[in-house]
Amino acid sequence: MLNFDEKRYVDIQTGAVQLAGPIREALKAELANGAENIFFMGAGGVNFLMQPAARMLQTKSTFPTFIEMSAEIVNTGHANLGPNSIAVFPSVSGTTKEAVAAIEFAKSKGARVLSLTAKADTPIGEMADINFANFVADDTSSENFYLQSLLIALAIMDLRGEIDDYDSVVAELQTLPELLVGVKSAFEPRAKSFAEEIKDEQNHIITGAGGVWYEAWYYGMCILEEMQWIWTRPVHASDFFHGTLELIEKDTSVVLLKGEDEGRSLSDRVERFAPTVTSKLRVFDSKDFELPGISDRVRALISPVVLAAAFERLSAHLEVVRDHPLTTRRYYKKGDF
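Keep in mind it's a predicted model, so treat the numbers as computed, not measured.

Engineer: How do you make sense of the pairing of strand 3 (residues 85-91) when you look at a structure like this?
Structural biologist: Two faces make up the sheet, and in a regular strand the side chains alternate between them. For strand 3, the tally of buried residues reaches 7 of 7 residues, placing the bulk of the element in the interior. Here strand 3 shows no split at all, with Ser-85, Ala-87, Phe-89 and Ser-91 on one side and Ile-86, Val-88 and Pro-90 on the other all buried. By the bridge criterion, 4 bridges tie strand 1 (residues 37-40) to strand 3 in an arrangement that is parallel. For Ile-38, the partnering residue across the bridge sits in strand 3 and is Ile-86. By the bridge criterion, 6 bridges tie strand 3 to strand 4 (residues 112-117) in an arrangement that is parallel. Bridge pairing in strand 4 links Pro-90 to Leu-116. In this fold, strand 3 hands off to helix 5 (residues 97-108), which returns the chain to strand 4; that crossover is right-handed.

In structure tokens form, the structure reads like this:
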């Protein structure tokens, strides 16, 4: 595979799933000490990667769960953020200034801070009350943070008696790193051909529902826009029919991500409509990938992880065929703004 180090990848994702035990033990202590709610408060794209798990807590658990933007909450405050709150901050660099400011704000309110970083010896790692460090870089971070946040959500639900299959789900997740290599390998030919197909296209609508909506949002904003300077319109599949559909013409690119949870029917609706107008509906379905030993229950939980693993292969080919390295920036982290 193009620019891919299998051992490095497996080691990183193995590091993520092996945090299951430590994460559960840490949260057990927090709940025993009176934690009453949890905030996911990252800055930028990494906060999107928390949201499938956060949304699972919001819909499957009675534990109050909030999703906030670091840069906003320091200005607005939040009536539910206080001494009985857990505030979760993911960061690859461990230095994101908006997250640093939000950690200071959360701690000023008495919240307990849990950070997920690539290195412990960073400001975000060291400011946290609890830090879980697992080395990652941009090309491996999506799966890492999806998995770590999922482990947080599963642990909370298990500790509260809201699920009865925690051990079996975690056992399946332990097998995932090697399986994700298979996902990448299977997707490699399509990644190469699709990169060639869209290398000169400058406008896309990218959509999805359920857990994979956050991958669509993330990939559109953080990869196609930030790393490739391609105009992209991320829109939730349910909102697609409340405005965005009026933009569809015969050559409009619609990129549809489909997962395996309850949101799938919303994606099906887009898949039925779009081809009646455009010849450029591109569908990417987590169901197309073989994951031996993974149950339907867990497949639904990890659909964003699977598509993130696949789409990294698209990113690798896009930077080559477009002669635009993924690390190239015009403005990000190049000015004080």
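Moving on from the model shown.
Engineer: Would you explain the packing of aromatic side chains in this entry?
Structural biologist: Here the distance between the centres and the angle between the planes together describe a pair of aromatic rings. Considering all chains together, one arrives at 13 aromatic pairs under this definition. With a centroid separation of 5.5 Å and an interplanar angle of 15°, the aromatic rings of Trp-213 and Trp-217 are classed as stacked. Here Trp-217 and Trp-213 lie together in helix 10 (residues 212-225), a separation of 4 residues that amounts to about one turn. A residue is classified by how much of its surface remains accessible, and Trp-213, at 11% relative accessible area, is buried. When the centroid spacing of 4.8 Å and the interplanar angle of 80° are considered together, the rings of Tyr-219 and Phe-311 count as edge-to-face. Here the residue Tyr-219 occupies a position in helix 10, and Phe-311 occupies one in helix 12 (residues 296-321), the gap between them amounting to 92 residues.

Cut-offs applied
- Residues numbered from 1 in each chain as written.
- Predicted model: local features only at pLDDT ≥ 70, side-chain atom pairs only at ≥ 80, totals over all residues.
- Heavy atoms only, no water.
- Buried < 20%, exposed > 50% of the residue type's maximum accessible area, 1.4 Å probe, protein only.
- Helix = DSSP H or I, 4+ residues; strand = E, 2+ residues; numbered from the N terminus.
- Pairing = 2+ DSSP bridges.
- Right-handed = clockwise from strand over helix to strand, strands pointing away.
- Phe/Tyr/Trp six-rings, centres within 6.5 Å; stacked < 30°, edge-to-face > 60°.

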